[in-house]
Amino acid sequence: MSVTTLGEVRERNESAWLLTPRGALDPTFRQNMRRYDDEDELDAVIVGAGAGGATMLQRLARYGWRVAALEAGPFWDPEDDWVSDEAASHQLYWTEPREIGGSDPVPLGSNNSGRGVGGSMVHYAGYTPRFHPSDFHTLSADGVGADWPLSYPELRPYYERIEEELPVAGEYWPWGDPHGYPHRPHPVGGNGEVFLRGAERAGIEAKVGPVAIPNGRFGHRPHCIYRGFCLQGCKVNAKASPLITHIPDALAHGAEVRPDCMVTGIEMDAFTGRATGVHYVRDGRERFQKASVVIVAGYSIETPRLLLNSTSPRFPDGLCNDFDLVGRYLMVQGAPQTAGRFDEEIRMFKAPPPEVSTEEFYETDPTKPYKRGFSIQTVSPLPITWAEHVMAQGHWGAEFRNYMSDYVHWACFGALCEFLPLPENRVTLAEEKDRHGLPIAHFAYNQCDNDKQLVDAATKVMERLLTAAGADETITIKRYAHLVGGARMARDEQHGVVDADCRTFAVPNLYITDGSVLPTQGSANPALTIMAVAARAADRLAQR
Amino acid sequence: MSERRAPSSRALPLDPQDGGGRFPGFDVMNHEKHWDTATKAAVHARLHGQPAVRFFTQLEEATAKCLLDRLVGQRSAPGDETVDLSRMVDARLAENQTDGWHYDTMPRDSEAWRASLKALNEDAHDRFGKDLSECTHEDQCELIEAVRTWPDDRWHDLPPAQVWSLWTRYAATAFYSHPAVWNEIGFDGPAYPRGYKALGVDKREPFEVRDARPNDDPARPSRGEGDAGHDTRRATGQSGRQKQGGDGS
């Protein structure tokens, strides 16, 4: 259990106490925000203001650095910009053109790509599990995946700090490195109740949490109202995203967030071999921001794309791409969702989708033919997403609409299966160009046998849970969740793009601090780990 | 509920056999006064601010209307309430409000829509000698089902699985964003700043209406007989075209 006091958390990151009484970013913060000039040589410029970028910004500002984050999307005002509506939340996603391919193409957009200050954490469910200690050495333990140049104990203090700063609510966590959470678990809705009931009857251990929604006093963050629209951006300001958990403190310490700025290239000094700043487009004009350190945090598709688009005589195939590693080993989790039908009314759209999880199947089970494992969590699709579930069964027309009329009777769980990092799963540049004239990303995905076995095994467990809870019918949709990898960390430049401190091997003052540096993904939602890795990188950089 | 005004979203025609009338009297729009300003504006624009058709040609519009209505099972007689799906999809394509990504075997969404509508109408001419929109309801359904079950990798010059995915994604997004359709599935719609208090299985807020036919599982084979026993039906789908009966394991 954490022994840190609230005062100590506030001492480290005052964001929650800087919000208005309604939990929003005070408008005067944006008005009075420090604004640097392109000519100012910043101590660091950060590309992207999501989980990795915003954490870096806040930490480096606290170290007294002159730092700015350039964000392609807008600086959100949740009350006016977001809606409590599924279809009208489209603007939260990265919707610039991208191509997908491979034997198992992964749809992007709404499911996994964010845009705007706060990044994908604006529309993530809110689950914030840690990785297990075993995730950091799957290659030596199981002969699959990769070993990190970083161990779990090195990351643990950062997990603890970020859990306190979000903060995270949940039951005592018995899996991985057992630990408690700063806030008590939330009450559950119908979907969570079905999960707990099924788990108890099936003899599977399940726990409530871990969810980055405070359940108790935390600065000016309002309490959750259990309205179920976590994936549409939390207008309540209850669910954590960097927009409310790290940006306010960063601004209070002199950082700048420059929204609506698309970074198009990283400039290199051929003589020194160092990065000198970034090219970006704002209001249709090309600009250049000078900086002594460049930090890229554009996530697993845009980070590789930016590096590949940043060519120079020294790096003709893209920045940091001497060993053809940029864009490779990109991973998604296999995320089948299984729903069960009950005569009772479940009304899964009420209460946050993230409620209950089990990590009982997370680790390699020597009795199984596959390596590594999966976790299972509640997910609660709203009507449009639920319609995709039903249509995935092949239903359409009158039959489909009849099926949909049954919505209130369904409970739905999702698995996160640890797909393995494969070199051919990668971002490359497509022929097609975006409106800035830059080649767009092509993202190829192929599943290996181990991946497919995990999806089948996870589906069976979800069917078991739902059947034990009393479901008389189950339907499963195969899909994907999350993105990590694409510029992974490793011990040396022949195996990765960055080192354990997120510094690129090829350019001494260029860092990557987003999900793309993760060498493996476990069966955990990646947000907490991305923030923890970034917070550690900030300490290492500032103390260098 | 003290005052009950006339429902502002009239019910869509839907026979009880097809899932209609399960939530008698439930109307999401009666609670609009509890919504925040931004959400209210978004839903109002959807109901009352759909722009005129700009993207589709006349023939594409006729084909799209037919296709979209058939996909979601919308069939209306003159005077019936309908959800104007072709205008909603037209607006998204005109404004390039896509998800951004596209399969590398497919063109961008706007081109894919034009090409697939053209192909579907060509099928109607090949098979029935007239435009899709002039065909009978049954013939239209047959032509659409043929695309879903198309056995080859290419249908005209397009991959049929990806075409089916494109059509159904746009159709479902438009249809299930409409309050009148929320009413028929018992979904409460926008919930900020009100939120929910009655969480849990079989719990309802005071304004929620209980399903009048809770045993009416459209997928249960022995409907009404009430005993599914341990015979849980299982089904799995992926790209949206599969249709597998429960294996009754």
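Residues numbered from 1 in each chain as written. Chains lettered and ligands numbered in written order. Predicted model: local features only at pLDDT ≥ 70, side-chain atom pairs only at ≥ 80, totals over all residues. Heavy atoms only, no water.

When helices and strands are counted, chain A shows 15 helices and 19 strands. At 22 Å, chain A has a C-alpha radius of gyration in line with the 24 Å of a compact globule built from 544 residues. Along the first, second and third principal axes, the C-alpha set of chain A runs to 70 × 50 × 45 Å. Residue pairs in contact within chain A that sit at least 24 positions apart in sequence constitute 75% of those at least 6 positions apart. (Helix = DSSP H or I, 4+ residues; strand = E, 2+ residues; numbered from the N terminus. Rg over C-alpha atoms; globule rule 2.2 N^0.38 Å. Contact = heavy atoms within 4.5 Å.)

This next bit is on the overall build of chain B. Of the regular secondary structure elements, chain B holds seven helices and two strands. Going residue by residue from the N terminus, the α and β elements of chain B occur as α-α-α-β-α-α-α-α-β. Scored against the burial criterion, the 249 residues of chain B give a buried share of 51%. Partitioning the contacts of chain B with sequence separation of at least 6, the portion at a separation of at least 24 is 65%. With an accessible surface of roughly 11500 Å², chain B has 48% of that area assigned to carbon and sulfur atoms. (Buried < 20%, exposed > 50% of the residue type's maximum accessible area, 1.4 Å probe, protein only. Areas by Shrake-Rupley, 256 points an atom, 1.4 Å probe, with all protein chains shown as cover.)

This model, assessed by the stated rule, comprises 51 salt bridges over all chains. Here A:E79 makes a salt bridge to A:R22, at a shortest N to O gap of 3.3 Å. Within this pair, whereas A:E79 is found in helix α5 (residues 78–81), its partner A:R22 is found in the loop between α2 (15–18) and α3 (27–31), the two being separated by 57 residues in sequence. Using a relative accessible area of 25% as the deciding quantity, one classes A:E79 as partly exposed. Linked by salt bridges that have partners in common, A:R341, A:D343, A:D406, B:R22, B:D211 and B:D217 make up one network. (Salt bridge = Lys/Arg side-chain N within 4 Å of Asp/Glu carboxyl O.)

Here the focus is the packing of helix α8 (residues 190–202) of chain A against helix α14 (residues 449–469) of chain A. Residues and elements named next belong to chain A. Close contact between α8 and α14 brings their axes to 7 Å; oriented N to C, the two are set at 95 degrees. As the angle between them shows, α8 and α14 are arranged roughly perpendicular. Residue-level inspection shows V194, F195, R197, G198, A199, R201 and A202 of α8 in contact with α14, the latter providing R464, L465, L466, A468 and A469. Considering only residue class, the contact of α8 with α14 consists of eight nonpolar, one polar and three charged. (Axes fitted to C-alpha atoms, helices over the stretch in contact; angles between N-to-C directions. Parallel < 35°, antiparallel > 145°, perpendicular 65-115°, else oblique. Nonpolar A, V, L, I, M, F, W, Y, C, P; charged D, E, K, R; others polar.)

What links the strands of a sheet is backbone hydrogen bonding, and the strands pair in either a parallel or an antiparallel sense. Spatially, β15(A)-β16(A)-β3(A)-β1(B) is the arrangement adopted by the four strands of the open sheet, whose pairing is mixed. Only two strands of the sheet have a single partner each, and these edge strands are β15 (426–433) of chain A together with β1 (101–103) of chain B. Sheet twist, expressed as the average angle between the axes of neighbouring strands with direction ignored, equals 35 degrees. Where strand β3 (residues 98–101) of chain A meets β1(B), three bridges bridge the pair, whose relative direction is parallel. Bridging across to β1(B), A:R98 finds its partner in B:W101. Against the sheet, helix α11 (residues 299–309) of chain A engages β3, β15 and β16 (439–444) of chain A, with an angle of about 65 degrees to β15(A). (Pairing = 2+ DSSP bridges.)

Turning our eyes to something else, we now look at the sheet that holds strand β8 (residues 285–290) of chain A. All names here are of chain A. With respect to topology, three strands assemble into an open sheet ordered β6-β7-β8, the strand pairing being antiparallel. This sheet does not close on itself; its edge strands, each paired only once, are β6 (262–269) and β8. Across the sheet, the mean angle separating the axes of adjacent strands is 30 degrees when strand polarity is ignored. In this sheet, strand β7 (residues 274–282) lies alongside β6 in antiparallel orientation, the contact comprising seven bridges. Each residue of the ladder has a partner; that of M262, found in β7, is V281.

Looking now at the packing of helix α2 (residues 58–72) of chain B against helix α6 (residues 160–175) of chain B. Residues and elements named next belong to chain B. Running from amino to carboxyl end, α2 crosses α6 at an angle of 75 degrees, the nearest separation of the two axes being 10 Å. Compared by their axis directions, α2 and α6 come out roughly perpendicular. Contacts between α2 and α6 involve L67, L68, L71 and V72 on the former and, on the latter, W164, W167, T168, A171 and F175. Looking at the contact of α2 with α6, its residues break down into eight nonpolar, one polar and no charged.

Approximately 650 Å³ is the volume attributed to the second largest pocket. Lining the second largest pocket we find 29 residues, and of these A:T95, A:E96, A:P97, A:R115 and A:R435 sit closest to its centre. Those elements that provide at least two residues to the lining of the second largest pocket are β7 of chain A together with β1 and α4 (109–128) of chain B. Its residues assigned to classes, the lining of the second largest pocket comprises seven nonpolar, eleven polar and eleven charged. (1 Å grid on protein atoms, 1.4 Å probe; cavity = no way out; pocket = protein on both sides within 12 Å on 5 of 7 lines; lining within 4 Å. Points joined across faces, edges and corners; volume = space filled by probe spheres on them.)

So, on to the nonpolar core. By size, the foremost hydrophobic cluster in this structure holds 231 residues, and its most contacted members are A:I266, A:F374, B:W113 and B:W167. Tallying contributions element by element places helix α15 (residues 527–542) of chain A first for this core, with eleven residues. Residues in contact with A:F374, not counting those within four places in the same chain, are A:F361, A:Y362, A:L416, A:C417, A:L454, A:A457, A:A458, A:V461 and A:S523. (Core = buried A, V, L, I, M, F, W, Y, C linked by side-chain atoms within 4.5 Å.)

For the rest of this paragraph, the subject is helix α7 (residues 152–165) of chain A. Counted at 1.5 Å a residue, the expected span for α7(A) with its 14 residues is 20 Å, and the 20 Å between its end C-alpha atoms agrees. When we look at burial in α7(A), the residues that qualify are A:Y152, A:L155, A:Y158, A:Y159, A:I162, A:E163, A:E164 and A:E165. (Expected span 1.5 Å × (residues − 1).)

This part takes up the interface of chain B and chain A. The extent of an interface is frequently quoted as the accessible surface area lost upon association of the parts. Chain B puts 89 residues into the contact, and the matching count from chain A is 82 residues. Summing both partners gives a buried area of about 6800 Å² for chain B against chain A, and 54% of it is carried by carbon and sulfur. Across the pair A:R347 and B:E208 runs a salt bridge, and its minimum N-O distance is 3.2 Å. Inspection of the chain B/chain A interface yields 35 residue pairs in polar contact (both at pLDDT 80 or more). Every element with two or more residues in the side of chain B that touches chain A is listed here: α1 (37–48), α2, β1, α5 (137–148), α6, α7 (179–185) and β2 (233–237) of chain B. Here the side of chain B that touches chain A takes six residues from α6(B), the largest share from any one element. (Buried area = accessible area lost by both parts, 1.4 Å probe. Polar contact = N/O pair within 3.5 Å; in protein donor to acceptor, adjacent residues only side chain to side chain.)

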